[in-house]
Amino acid sequence: MSMEVTVATVHVDGKSYQMNAEENLLHGCLSAGLNLPYFCWHPALGSVGACRQCAVKQFKDEQDTHGKIVMACMTPAAEGTRIAIHDPETVAFRAAIIEGLMLNHPHDCPVCDEGGECHLQDMTVMTGHDYRRYEFDKRTFRNQNLGPLVNHEMNRCIQCYRCVRYYREYAGGRDLNAFALRNTVFFGREADGVLENEFSGNLVEICPTGVFTDKTLKRHYTRKWDQQFAPSICVHCGLGCNTDVGEHSGTVRRILNRYNHDVNGYFLCDRGRFGYEFVNSDHRIREPLFKGKVVSADTASRQLRDTLTFGKAIGIGSPRASLESNFALRTLVGPERFYSGVADSEAKLVALAIDMLRHGPMRTPTLHEVEACDAVFVLGEDVTNVAPRMALALRQSVRQQPIEIAKALKIPLWMDHGVRDAIQDKKGPLYLATPYATRLDEIATATFHAAPDEIARLGFAVAHALDPQAPSRGDFPLAGEIARALTHARKPLVIAGPSCNSEAIMQAAANVAMAAGAQLMFTAPECNAVGAILMGSNPLSAAFQAVADGEADTLIILENDLYRRAPRADVDALLHATAHVIVLDHLVNPTSEQAELVLPSGTFAESDGTYISCEGRAQRFFQVFVPPIPIQASWRWLGQGAWERLDEVLTAMATALPHLAPARDAAPPATFRMTGAKVPRSPHRSSGRTAVLANINVSEPKPPDDPDSPLAFSMEGASTHPPGALIPFVWSPGWNSIQATNTYQQEIGGPLHGGDPGVRMFESAPSNDQSYFSSIPSAFEQREGEWLLVPMYYIFGSDELSLSAPGIAELATTPHVAVNADDFTEGEEVDVHCGGSTFRVPVCIRPDLPRGVAGLPAGVPPIAGLGLPAWGMIVRIP
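Remember, predicted model here, so these are calculated numbers, not experimental data.

**Quick look at the overall build of the protein**
For the protein, the helix and strand inventory stands at 25 helices and 35 strands. A globule of 878 residues ought to have a C-alpha radius of gyration of about 29 Å, and the protein, at 28 Å, matches this closely. Summarising its shape, the C-alpha atoms of the protein cover approximately 90 × 75 × 60 Å along the three principal directions. When burial is assessed residue by residue, the protein has 62% of its 878 residues classed as buried. Once local pairs closer than 6 in sequence are excluded, the contacts in the protein between residues at least 24 apart make up 73%. Split by element, the accessible area of the protein, about 33,100 Å² in all, is 51% carbon and sulfur. Of the charged side chains in the protein, 76 are positive and 100 negative, and the gap between their average positions amounts to 4 Å.

**Re the packing of helix H9 (residues 323-333) against helix H23 (residues 646-656)**
Between H9 and H23, the least distance of the axes is 10 Å, while the angle of their chain directions is 65 degrees. Helix-helix and strand crossings are classified by hand; for H9 and H23 the assignment is left-handed. Each of Leu-323, Glu-324, Phe-327 and Arg-330 in H9 lies in contact with H23, whose residues at this interface are Leu-646, Val-649, Leu-650, Ala-652, Met-653 and Ala-656. Per-class residue counts for the contact of H9 with H23 are eight nonpolar, no polar and two charged.

**Re the pattern of salt bridges**
Side-chain pairs of opposite charge can arise where the charged atoms are in close proximity. Following the criterion strictly, the structure yields 40 salt bridges and no others. The salt bridge partner of Asp-87 is Lys-57, with a shortest N-O separation of 3.0 Å. Separated by 30 residues along the polypeptide, Asp-87 in the loop between strand S5 (82-84) and helix H2 (88-101) and Lys-57 in strand S3 (residues 55-59) bring together distant segments of the chain. Take Asp-87: its relative accessible area is 16%, and that puts it in the buried class. The class of Lys-57 is buried, set by a relative accessible area of 3%. In this structure, Arg-783 and Glu-786 form a salt bridge, with 3.7 Å as the shortest nitrogen-oxygen distance. Here Arg-783 falls in the partly exposed class, since its relative accessible area comes to 41%. Salt bridges sharing partners connect three or more residues here, namely Asp-262, Arg-363, Glu-369, Glu-615, Arg-617, Arg-760 and Glu-763.

**Let's talk about the sheet that holds strand S1 (residues 7-12)**
Taking strand neighbours across the sheet as the criterion, the five strands line up as S2-S1-S5-S3-S4 in an open arrangement whose pairing is mixed. Strands with a single pairing partner mark the edges of an open sheet, and in this sheet they are strand S2 (15-20) and strand S4 (68-71). Here the strands of the sheet are splayed against their neighbours by 40 degrees on average, with no regard to which way each runs. As paired elements, S3 and S4 share four bridges and run antiparallel to each other. Note that in S4 the partner of Lys-57 across the bridge is Ile-69.

**Notes on the sheet that holds strand S12 (residues 251-257)**
Neighbouring strands of a sheet are bound in pairs by backbone hydrogen bonds; such pairs are parallel or else antiparallel. Ordered by their spatial adjacency, three strands build an open sheet running S10-S11-S12, and the pairing between neighbours is antiparallel. The open sheet is flanked by strand S10 (228-233) and S12, the only strands paired with a single partner. Looking at each pair of strands side by side, their axes are set apart by 30 degrees on average, direction ignored. The pairing of strand S11 (residues 242-248) with S12 spans six bridges and is antiparallel. Bridge pairing in S12 links Asp-244 to Leu-256.

**A word on the packing of aromatic side chains**
Applying the stated rule across the entire model yields 17 aromatic pairs. Ring centres 6.0 Å apart and planes at 75 degrees place the aromatic pair Phe-448 and Phe-476 in the edge-to-face group. Placement of the pair is Phe-448 in strand S19 (residues 446-449) and Phe-476 in the loop between helix H16 (452-466) and helix H17 (477-488), with a sequence separation of 28 residues. As far as the burial class goes, Phe-448 and Phe-476 line up, both buried. The rings of Tyr-166, Tyr-170, Tyr-259, Tyr-266 and Phe-267 are connected pair by pair, giving a single aromatic cluster.

**Some details on the domain arrangement of the protein**
Each assigned domain of the protein is listed with its residue range as follows: domain 1 (7-102), domain 2 (358-524) and domain 3 (787-876). Distance from the C-alpha centre of domain 1 to the C-alpha centre of domain 3: 55 Å.

**Remarks on the nonpolar core**
Formed by 146 residues in total, the largest nonpolar core has its most connected members in Phe-377, Leu-458, Val-462, Leu-520, Phe-604, Met-653 and Leu-660. Examining the composition of this core, we find that 10 residues originate from one element, helix H18 (residues 503-516), more than from any other. The residues touching Val-462, leaving out its near neighbours within four places in the chain, are Phe-377, Ala-479, Ile-482, Ala-483, Leu-486 and Val-512. Within the second largest apolar cluster, 76 residues are counted, among which are Val-185, Tyr-266, Ile-727 and Tyr-744.

**Comments concerning helix H3 (residues 119-127)**
Side chains that are three or four residues apart share a direction in an α-helix, a result of its 3.6 residues per turn. Residues of H3 that are buried: His-119, Leu-120, Asp-122, Met-123, Thr-124 and Thr-127. Tucked inside the fold, the buried residues of H3 contact H2 and helix H4 (162-170). Positive phi shows up at Gly-128, right after H3, with a value of about 90 degrees.

**What about the environment of Asp-425?**
As for its position among the elements, Asp-425 is in the loop between helix H15 (416-423) and strand S18 (430-434). In this structure the C-alpha to C-alpha distance between Asp-425 and Ala-171, which are 254 residues apart in sequence, comes to 15 Å.

**A few points about the pairing of S2**
Pairing of S1 with S2 involves six bridges; the strand directions are antiparallel. Bridging across to S2, Val-10 finds its partner in Tyr-17. A loop of two residues connects S1 with S2, the two strands running antiparallel in sequence, and Asp-13 in this loop sits at a positive phi of about 50 degrees.

**Side note on the side chain of His-119**
Tracing the backbone shows His-119 in helix H3. His-119 gets classed as buried once you look at its relative accessible area, which sits at 2%. Not counting the four nearest positions on each side in its chain, His-119 is found in contact with Tyr-38, Phe-39, Arg-162, Pro-208, Trp-735, Ser-737 and Gln-739.

**Some points on the environment of Pro-477**
Its location among the elements puts Pro-477 in helix H17. Residue Pro-477 is classed as exposed on the basis of its relative accessible area, which comes to 73%. Sequence separation of Pro-477 and Phe-212 is 265 residues, and the distance between their C-alpha atoms is 47 Å.

**Quick word on the pairing of strand S24 (residues 597-600)**
Covered by surrounding structure in S24 are Leu-597 and Leu-599 together with Val-598 and Pro-600, the residues of both alternating faces. The pairing of strand S13 (residues 289-290) with S24 spans two bridges and is classified as antiparallel. Within S24, the residue paired with Leu-289 across the bridge is Val-598.

**Quick look at unusual backbone geometry**
For residues other than glycine, phi is negative in most cases, and the peptide bonds are mostly trans. In this chain, Ile-629 is followed by Pro-630 through a cis amide linkage whose omega measures 20 degrees. Tracing the chain through its elements places Pro-630 in the loop between strand S26 (617-621) and helix H22 (634-639). With an omega dihedral of 0 degrees, the bond running from Pro-861 to Pro-862 counts as a cis peptide bond. Note on placement: Pro-862 falls in the loop between strand S34 (853-857) and strand S35 (870-876). Although it is not a glycine, Arg-182 adopts a positive phi angle of roughly 55 degrees. Taking the relative accessible area as the measure of exposure, Arg-182 reaches 77% and is therefore exposed. If you check the backbone angles, Asn-501 has positive phi at about 55 degrees while not being a glycine. Summarising the element assignment, Asn-501 is placed in the loop between strand S20 (492-496) and H18.

**Focus: the environment of Glu-277**
Tracing the sequence through the fold places Glu-277 in the loop between helix H7 (270-274) and S13. Between the alpha carbons of Glu-277 and Leu-803 there is a distance of 9.3 Å; along the sequence they are 526 residues apart.

**A few points about a nonpolar patch on the surface**
On the surface, a nonpolar cluster with roughly 310 Å² of combined accessible area is contributed by Leu-103, Tyr-134 and Phe-136. By secondary structure assignment, the location of Phe-136 is in the loop between H3 and strand S6 (150-152). On the basis of relative accessible area, Phe-136 is assigned to the exposed category, the value being 65%.

**Comments concerning the state of the cysteines**
For the coordinates displayed, the defined rule picks out zero disulfides. Left without a disulfide partner, Cys-40 is nearest to the cysteine sulfur of Cys-51, which lies 3.7 Å away. Of the residues examined, Cys-40 reaches a relative accessible area of 2% and is grouped as buried. Free of any disulfide, Cys-373 has its nearest cysteine sulfur in Cys-614, 14 Å distant. Under the relative-accessibility criterion, Cys-373 is labelled buried at 0%.

Thresholds applied
Residues numbered from 1 in each chain as written. Predicted model: local features only at pLDDT ≥ 70, side-chain atom pairs only at ≥ 80, totals over all residues. Heavy atoms only, no water. Helix = DSSP H or I, 4+ residues; strand = E, 2+ residues; numbered from the N terminus. Rg over C-alpha atoms; globule rule 2.2 N^0.38 Å. Buried < 20%, exposed > 50% of the residue type's maximum accessible area, 1.4 Å probe, protein only. Contact = heavy atoms within 4.5 Å. Areas by Shrake-Rupley, 256 points an atom, 1.4 Å probe, with all protein chains shown as cover. Lys, Arg positive; Asp, Glu negative; His and termini not counted. Charge placed at Lys NZ, Arg CZ, Asp CG, Glu CD. Axes fitted to C-alpha atoms, helices over the stretch in contact; angles between N-to-C directions. Left-handed = near helix turned anticlockwise from the far one by under 90°. Nonpolar A, V, L, I, M, F, W, Y, C, P; charged D, E, K, R; others polar. Salt bridge = Lys/Arg side-chain N within 4 Å of Asp/Glu carboxyl O. Pairing = 2+ DSSP bridges. Phe/Tyr/Trp six-rings, centres within 6.5 Å; stacked < 30°, edge-to-face > 60°. Domains from an automatic or database assignment. Core = buried A, V, L, I, M, F, W, Y, C linked by side-chain atoms within 4.5 Å. Patch = residues over 30% accessible without salt bridge, like charges linked within 9 Å, V, L, I, M, F, W, Y side chains within 5 Å. Disulfide = S-S within 2.5 Å.

Set out below in structure tokens:
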């Protein structure tokens, strides 16, 4: 327990325990490793005392032998408190509560998706309830179709209210609610339909029963104990959320949240949870192809060697490939012939962000620290669609200032509805300056929708209002209000990023952070964009020029669809001018379709590696299964036998690029052992291993060896909790559900035992130098007959890989142009001319867009690859 926490001595069943005096007894008991059942309480949601399951007997003093029954979640862990968990009257009370909850619960555990990892099952066993006396009709409901991601089975509900508390109060959703009629409560939507909130998938883990389950898992269902797991990192944005990947029979079955106190905590966004199905896609590259024909792995490797021997090769890296794979390509072609896999403008902005955070005075916070910030200014970023988990953190940050009301009334912060009743709808300062309305606008103090240059000018004006030494141009009445909010805050935060492709916006954000003494956080466009830039490379445009000048005739493209990085005509010219195009990737894409040699690379589920998040946190992901030959990690294809193990690649990288050396510490090395054994990937109840392969051999095969990690492809191994970076799944005796996470934490809701995964690659450099950026753009001016086309981001549609997941694809946006204009009608088709490209798309009317500005969905073909913002024309079809 942290030394900053006030500690209370609490006596439980005659034994003394040290507990956090600022928390309740349930929190304290669970932190102390005591088993006490509960349903309605959740570490991220606080206490409401709805289920009455955590009853304990509280005594006045040592002489009191009668005591009274209280709810542990609603009773503070005060100094000297005496309680009993195992008091007979309390035990009987908890058993009666369970029996009441089970009156209407169906007898369907064998067919319930939650069976075997169900919190209700665990708590029923914990209370000793094992026989049903109720013999009458059960209450039943009609289930709803909630879309392609979440399944609904209302008959299993025990009315704990967790779902609506999370969905409405924590995540900000509005379309899920509790509908009550007399003594019946229904949890769902007012009508069937897709859940609208971007974090709806967390209902799967929030629900303690099987009411809300993973609909994508349902398509290829496998029990928890028959799955193999591995700790991983989400690949769908730059935040680096931690995940657990479940696999069976060579198919990824699901993604679960992997707790990291500093990063994602208990929750994921829906893209991160459900985007995994691209791994199982029919569009996977599963065999090497040479000139369109399948060849063996040996033939492909030999062709790669021969091409490199006789050709003039250059390599293009990738922001979605691991550090190790990028380094392997850099080593193969030489540093001087290694090129960035990111468009020049984007690479420049990510490099600028890294430079500011490595050498400037502004510290970048963890996502957990974002939640504690009490005044936030966002410049240019549609946070919900670009960095979704950060948006969920911002929804908690707006509570920080109003919570002071509850503190003044001496309401414990864990008493959730007491706090919410005290603060009502009050929200702390959140200012959003974006080109168009975002989902966070509903909780913002004020919004400013304008062209990117105007957003930058507002930022410079705010910095000037904070410090007259900071340069400014233009008068913005909102600037003073924002400056005052940041000045009066204890933990101010400024957020920006490369989404608007504006260096001025990022410089303005840095000026504001310096002037306010605020923390500064930049988003990153992809899972390893920061790592790819830290690798060091030549600009992507230089690769195009090298081919055009005849300096290169062989192009090796690593996990990158170049049609997403540059205009189609430019990429066509590049590929047609190159004699030999070699592509390593997971999925068939327009670039791989034009390659001479295609090598199947392992996804995050089939390989090991390291990503660096926008926070600058290096984190390791591990393969969950051995893919069928010849699929393998890109660094193995490119290493050409130079390295046998991942640790050897990391050692070579640390030598060649010392600033990346800390990445080796993102996880323990492959030689790490616990009590002489590896960490098992499979739960100890893993069953049917022989039966699964009985059609091949009735003898159980030897598990595959893993030279790259301390994890075993087996249920055999160390039985104790591993370090945070190596936790493949959570389980403890009596705790089979995701709630077992409690037993892995130093304190409930706190860091993991042994520390949270990852290592920060850089910290801010304290400095007295207040050198402000001074390049301020001119005011935006509309052009006759032209529109400033800006990118609009979508959580479902803008990301490349998740579009190959069926559930995500069903919800993905389609090509369109968004305008705020009276001379267009919703849905009419127009021709958009931009950067030498022309495409026909329907119109979407968006009154929130500034006049003269139009939006195009980022990352959506045929729009992907356009350098936005850019001026263009929108022409009505005669």
